[in-house]
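Structural overview for review
Here's the letter readout for the chains.
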Amino acid sequence: MLKRKFLTLGATLGLVSLLGAGSTAAAADVRLLNVSYDPTRELYTQYNELFAAKYKKDTGNILTLEQSHGGSGKQARSVIDGLNADVVTLALGWDITAIERAGLINPGWEKKLPNNASPYTSTIAFLVRKGNPKGIKDWKDLWKPGVQVITANPKTSGGARWVYLALWGALANAKTHDFSTAQGQAEATAASAAAKDFPVYQNAEVQAQIADLFNNHVPVLDAGARGSTVSFAQKQLGDVLLNWENELWLARDEFGPEKFDIVYPSTSILTEPPVAVVDKVVDQRGTRAVAEAYLKGLYSPEAQDLAGQLHYRPRNLDALKKYSAELPNIPFFTIDETFGGWVKAQTTFFADGGTFDQIYKPAK
Amino acid sequence: MAGAITARAPISIGSKRAVATESVLARRVLITITVVFLTIFVLVPLINVFNQAFSKGFEGYWSVFFPPQPPDDATLTFSQKRRLAEGAAQAARTWSSIGLTVAVAAVVLPLNIIFGLAAAWATTKFNFRGRALLTALIDLPFSVSPVVAGLVFVLLLGRNGILGPWATQLVWPDPFSLHWVGFENGVWPLAFGRTHTGVIFTPLAIVLATIFVTFPFVARSLTPLMENQGTDEELAALSLGASGWRTFFKITLPNVKWALLYGVILCLARAFGEFGAVSVVSGHIDVNDTMPLRIEKLWNEYNNQAAFTVASVLAFVAVITLVAKSVVEWKAARDAERTN
Amino acid sequence: MTIEVKNISKSYGASPVLRNIDLKINSGELVSLLGPSGSGKTTLLRIIAGIEEADRGSGAVVFDGEDVSDVDLGRRGIGFVFQSYALFKHLSVFENIAFGLRAKPRRNRPTEAQIKEKVQSLLELIQLSSFAQRYPSQLSGGQRQRVALARALAVEPRVLLLDEPFGALDATVRRELRSWLRHLHDTIHVTTIFVTHDQEEALEVSDRVAVMGNGRIEQFASPQEVYENPANEFVFKFLGNYNVFHGRSGAGALVRPHDIAIFRTSDGDRPDAAQTAVVAHIGFGGPVVKIELESDDKNRVDVELTAQAYHDLKLQRGEKVWFAARRAHSDFPPEYAI
Ligand SMILES: Nc1ncnc2c1ncn2[C@@H]1O[C@H](COP(=O)(O)OP(=O)(O)O)[C@@H](O)[C@H]1O
Ligand SMILES: [Mg+2]
């Protein structure tokens, strides 16, 4: 009786191992998981199609690309917890640093790809209601009496952290560069490398102004960048939305250009969403080559053009020029030159007990 | 008496008596409150779901699942092409979410039936130390927030979890990728199209999370009935020389079939509709989307009509569930009457 | 088949339910386990059946000289009839009775035709031939009980175990079934143990009666023996009504109501010990008339007369009479005094 049970068990195990052996036959088909943040879904859906076609042409094999989108910080957390991302394409460097600190990405990832490993950039601009009834043209207009500002919570949203840095840098008159020319870009790179001390952090006046803005002009802080867009566009809250440029364009496309105007301030921050290969995962899965090719491909002319179409600012100057009507050139300051990079900005401003916690006193 | 199912009978008898003794005014007020409440919280949202789903007409509804195909010779502008490609990609994701939802339910259901029967059997027909604790544990998922449940799985099976070192290395074939490859590679003609590595953030985690939130249903709908029926019939069958299996399939199972079906329906409804626990363990990967997760993503992409269209499918499933549940309740009550 | 219960004990937690039970039942005997509720009758029956296990190391159940203590319920060759009938609700009467036959291992399972024949003959035996296709819910209590019996008999058990088989039935049906069971046993002669708390039932039906009290077998003897020579006060008291007479010595004498004789005041031949009393109530119960007397010291005395004796005496309510015990029990060992 018992013997028969063991026989059955053995047969089952044999069957399973046979099936397992069979599965190696299909190993030529490769899968790659790109873990990204919320707004990039359309960008990567289209880039994936582009890249998979190229891969098929080059190797004859099928590449299946999988996407995961969510809040940038949450996504990083998932990767740390075991989400097997081959590549991460997140909203800000801090989130990739967090994965690096968990031992999954080797240090120096920023230098593995051109332009601080961010193949496209964006900026922070304004979305206002059609005709701009409150006359909001630049940063200082946000403090006009009665103006209500919609943005997300910097504690939870990557986009909102960029908003916060943009505000701070603009108020502190951070040094800007012309990113529409190779010369300007080179200058910015050199300036970042040379930057030693960062006086913006000591600017008490700016801190007081920002405290005033968050405490007296911001009616609600959504958890995510997308949530703040919904608050502004769908729930009709506030007079001006501060958000990613590409997010503003998407809202304008979705809800109709007759409803909203996009306003560019005189200067803003160059937001640089970085990308990286998750070393530990690709080494385990044997996907390093294709993962690296995937990220490198983001710098190809086709991908750069795609980014421009979808309102990201291409690094490639020709592509940038092609879309300059929709992505007007304004002077940008950088996080590296102005704030000394993400680690410094994160620990000073957004960590628990940082300046944001000190200034933001939500109405009881 | 069929436990959970006909336990309703005394309740409705009680309420009838209550109505008779309350004043007419109190009765009207209570009925009005109930009707208003149900209208606001059930009827209006339900109607709204279908209203939004059909806000772009029947064609709009249809195109969520079957995006329009342009004729081959059509010349399209870039933005038209872009919209078509986007529509096709969205529909593919929606279908994938429907497939996964059904697949997860198909895996979870038999496991829950086995578990539910075992648990109900153990807690009603045996007397052992810790029985009360076991009964309480079976109810645990009802009192734990699904999100917390999901996080517990992440903490347990995640890279830094207690079982992490083992779980993250686990390679398992996707049973739904089994396909015919012929005899070229040997005697075995089937192969898996893909394997997964790890547990958390894979469909396996979705299955686990769904099991967690659904396992009480079968056990709970069986327990009162089995308690009520005692063990005499089983003992009679055993004393007549029937084997344990025969006793189970010929005596126990027929006796509880309606309660079992009732539990199955509740379990299916929950498996289809679960969001919180599944969301946490899905890793937001598109291929891990079940229908509720898909709805949220469509909503976040401003694709309200499509979100409500998928939601309307779930609502439709819910209505079917409701009807099936009523039929089963009615059948069970009838059977119970026959027994007494 | 003979059944031996050797030194069986059983306790639930700390409370003992059976204490060192010994019982030897002869082949073909019909034995009843008689005792008040909670005395452990069901527990003993279930241990014999193999449903319940005796305390570890406590003793053995032996069938025909073979220790069956470790044999499964289904392999002991018993037919068990539950107090609740435990009929299979979802199966017809026919299928209920056929269940045990269909459950037999393939090699000695009867053919469909044989099953049919067997079930038919059992249906005839229980006089329910026309009810084969009914469901249990469509039967009366007595019919259900008979189906339960037929179901148990279908597998031709070596022993028939019945747990209060008529407990839930009304008096008439009980009496009918009781004699039916007696006749059935006379025809099939299978060793039968029968649990009941009804003295009359036990005494009427069984070959021998095991009187149980408090987890022990107080007496195991023929009905006549237990009734006429109760082993102890417990058995005496359990088997019927009684009066307690306190003699001048102070010791109580126990007297059955039918062991009391009543004499008219005018009768000259009354015994010397006769006392006087007043007739307080007269109850007509068919063949037996129950008289309630009130003695001079205001005690109630129950007396049972045959209808004939009552008729001869022509007693009237309120009348003064003499009474005396024809037979008293007063020699029980003291430990059994209740
Ligand atoms: N499963 C059980 N758990 C605890 N006590 C029990 C159990 N079954 C019976 N008993 C106790 O054992 C005693 C004898 O029960 P039982 O054999 O059913 O008596 P009877 O059949 O003579 O009425 C009773 O006091 C009863 O409460
Ligand atoms: Mg009993």
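Description of the structure in this document. Since the structure is predicted, the reported quantities are computational estimates derived from the model, not experimental observations. (Residues numbered from 1 in each chain as written. Chains lettered and ligands numbered in written order. Predicted model: local features only at pLDDT ≥ 70, side-chain atom pairs only at ≥ 80, totals over all residues. Heavy atoms only, no water.)

1. Some words on the pattern of salt bridges
Per the stated rule, a full pass over the model turns up 43 salt bridges over all chains. Arg77 of chain A is the salt-bridge partner of Asp81 of chain A, the closest N and O atoms lying 3.2 Å from each other. Here Asp81 of chain A and its partner Arg77 of chain A are both found in helix 3 (residues 72-81), 4 residues apart, which amounts to about one turn of the helix. We classify Asp81 of chain A as buried; its relative accessible area is 11%. Exposure remark for Arg77 of chain A: the relative accessible area of 48% places this residue in the partly exposed category. Between Asp186 of chain C and Arg182 of chain C there is a salt bridge, and its shortest N-O distance comes to 3.2 Å. Here Arg182 of chain C and Asp186 of chain C lie together in helix 5 (residues 171-188), a separation of 4 residues that amounts to about one turn. Among the residues examined, Asp186 of chain C registers a relative accessible area of 38% and is labelled partly exposed. Each of Arg41 of chain A together with Arg93, Asp286, Asp289, Lys297 and Glu301 of chain B takes part in one network of salt bridges that share partners. (Salt bridge = Lys/Arg side-chain N within 4 Å of Asp/Glu carboxyl O. Helix = DSSP H or I, 4+ residues; strand = E, 2+ residues; numbered from the N terminus. Buried < 20%, exposed > 50% of the residue type's maximum accessible area, 1.4 Å probe, protein only.)

2. A look at empty space enclosed by the protein
All names here are of chain A. Within this structure, the stated rule accounts for 4 cavities of 30 Å³ or more. Space inside the largest cavity adds up to approximately 80 Å³. Lining the largest cavity are Thr121, Phe179, Gln185, Leu270, Arg313, Pro314, Arg315, Leu320, Asn329 and Phe332. A class-by-class count of the residues in the lining of the largest cavity yields 5 nonpolar, 3 polar and 2 charged. Along its surface, the second largest cavity is lined by Leu43, Tyr47, Tyr120, Leu298, Ala303, Gln304 and Ala307. Those elements that place two or more of their residues in the lining of the second largest cavity are helix 2 (41-59) and helix 13 (301-309). Top element by residues in the lining of the second largest cavity is helix 13. It accounts for 3 residues. Counted by class, the lining of the second largest cavity contains 6 nonpolar, 1 polar and no charged residues. (1 Å grid on protein atoms, 1.4 Å probe; cavity = no way out; pocket = protein on both sides within 12 Å on 5 of 7 lines; lining within 4 Å. Points joined across faces, edges and corners; volume = space filled by probe spheres on them. Nonpolar A, V, L, I, M, F, W, Y, C, P; charged D, E, K, R; others polar.)

3. Side note on the packing of aromatic side chains
The geometry of two aromatic rings is summed up by the distance between their centres and the angle between their planes. All names here are of chain A. Enumeration over the complete set of coordinates arrives at 48 aromatic pairs over all chains. On the numbers, 5.3 Å between centres and 40 degrees between planes, the contact of Tyr201 with Phe349 is tilted. With Tyr201 in the loop between helix 7 (182-194) and helix 8 (204-216) and Phe349 in helix 16 (residues 342-350), this residue pair connects regions lying 148 residues apart in the sequence. Residue Tyr201 shares its accessibility class with Phe349, and that shared class is buried. Each residue in the set Tyr164, Trp168, Tyr201, Phe214, Phe339, Phe349, Phe350, Phe356 and Tyr360 is aromatic and connected to the rest through ring pairs, giving one cluster. The ring of Phe232 is capped by Arg129, whose NZ or CZ atom sits 4.0 Å from the centre of that ring. (Phe/Tyr/Trp six-rings, centres within 6.5 Å; stacked < 30°, edge-to-face > 60°. Lys NZ or Arg CZ within 6 Å of the ring centre and 35° of its normal.)

4. Side note on helix 8 (residues 146-157) of chain B
With 12 residues, helix 8 of chain B should reach 16 Å at 1.5 Å per residue; the first-to-last C-alpha distance of 16 Å fits that figure. Within the span of helix 8 of chain B, buried status applies to Ala149, Gly150, Phe153, Val154 and Leu157 of chain B. All buried residues of helix 8 of chain B fall inside an arc of 145 degrees around its axis, so they share one side. Buried residues along helix 8 of chain B sit in contact with helix 3 of chain A together with helix 9 (164-167), helix 10 (203-229) and helix 13 (276-282) of chain B. (Expected span 1.5 Å × (residues − 1). Arc of directions from axis to C-beta. Contact = heavy atoms within 4.5 Å.)

5. Thoughts on the site of ligand 1
Residue and element names in this part refer to chain C. Within the structure, ligand 1 sits among Tyr12, Val17, Pro36, Ser37, Gly38, Ser39, Gly40, Lys41, Thr42 and Thr43. Contact between ligand 1 and Lys41: an oxygen atom at 2.9 Å from a main-chain N or O atom of the residue. Contact with the protein chains covers 56% of the free accessible surface of ligand 1, which is 560 Å². The element contributing the most residues to the shell around ligand 1 is helix 1 (residues 41-49), with 3 residues. Of the residues assigned to the shell around ligand 1, the class counts are 3 nonpolar, 6 polar and 1 charged. (Near = heavy atom within 4 Å. Polar contact = N/O pair within 3.5 Å; in protein donor to acceptor, adjacent residues only side chain to side chain. Areas by Shrake-Rupley, 256 points an atom, 1.4 Å probe, with all protein chains shown as cover.)

6. What to know about the interface of chain C and chain B
Frequently, the measure chosen for interface size is the accessible area removed from exposure when the parts meet. Contacts between the two partners involve 21 residues from chain C and, on the opposite side, 18 residues from chain B. In this assembly, chain C packs against chain B so that about 1900 Å² is buried in total across both faces, 63% of it on carbon and sulfur atoms. Taken as a group, Lys89, His90 and Phe99 of chain C account for 31% of the area that chain C buries against chain B, more than any other trio of residues on that side. Linking chain C with chain B are 1 salt bridge, by the criterion used here. Note that Glu233 of chain B and Lys89 of chain C form a salt bridge whose closest N and O atoms lie 2.4 Å from each other. Listing elements by their share of the side of chain C that touches chain B, those giving two or more residues are strand 6 (78-81), helix 2 (93-102) and helix 4 (141-154) of chain C. Per element, the largest residue contribution to the side of chain C that touches chain B is 3 residues, and it comes from helix 2 of chain C. Among the residues making up the side of chain C that touches chain B, the classes are represented as 12 nonpolar, 5 polar and 4 charged. (Buried area = accessible area lost by both parts, 1.4 Å probe.)

7. Re helix 5 of chain C
Residue and element names in this part refer to chain C. With 18 residues, helix 5 should reach 26 Å at 1.5 Å per residue; the first-to-last C-alpha distance of 26 Å fits that figure. Among the residues of helix 5, those classed as buried are Arg174, Leu177, Arg178, Trp180, Leu181, Arg182, Leu184 and His185. Looking at the buried positions of helix 5, the neighbouring elements they touch are strand 3 (30-34), helix 3 (112-125), helix 4, strand 7 (159-163), strand 8 (191-196) and helix 6 (199-205). Backbone geometry just after helix 5 places His189 at a positive phi near 55 degrees.

8. Regarding unusual backbone geometry
For Asn132 of chain A, which is not glycine, the phi torsion reads 50 degrees and is therefore positive. Structurally, Asn132 of chain A is set in the loop between strand 4 (120-129) and strand 5 (149-152). Here the phi dihedral of Glu164 of chain C falls at roughly 40 degrees; this positive angle occurs in a residue that is not glycine. The topology assignment puts Glu164 of chain C in the loop between strand 7 and helix 5.

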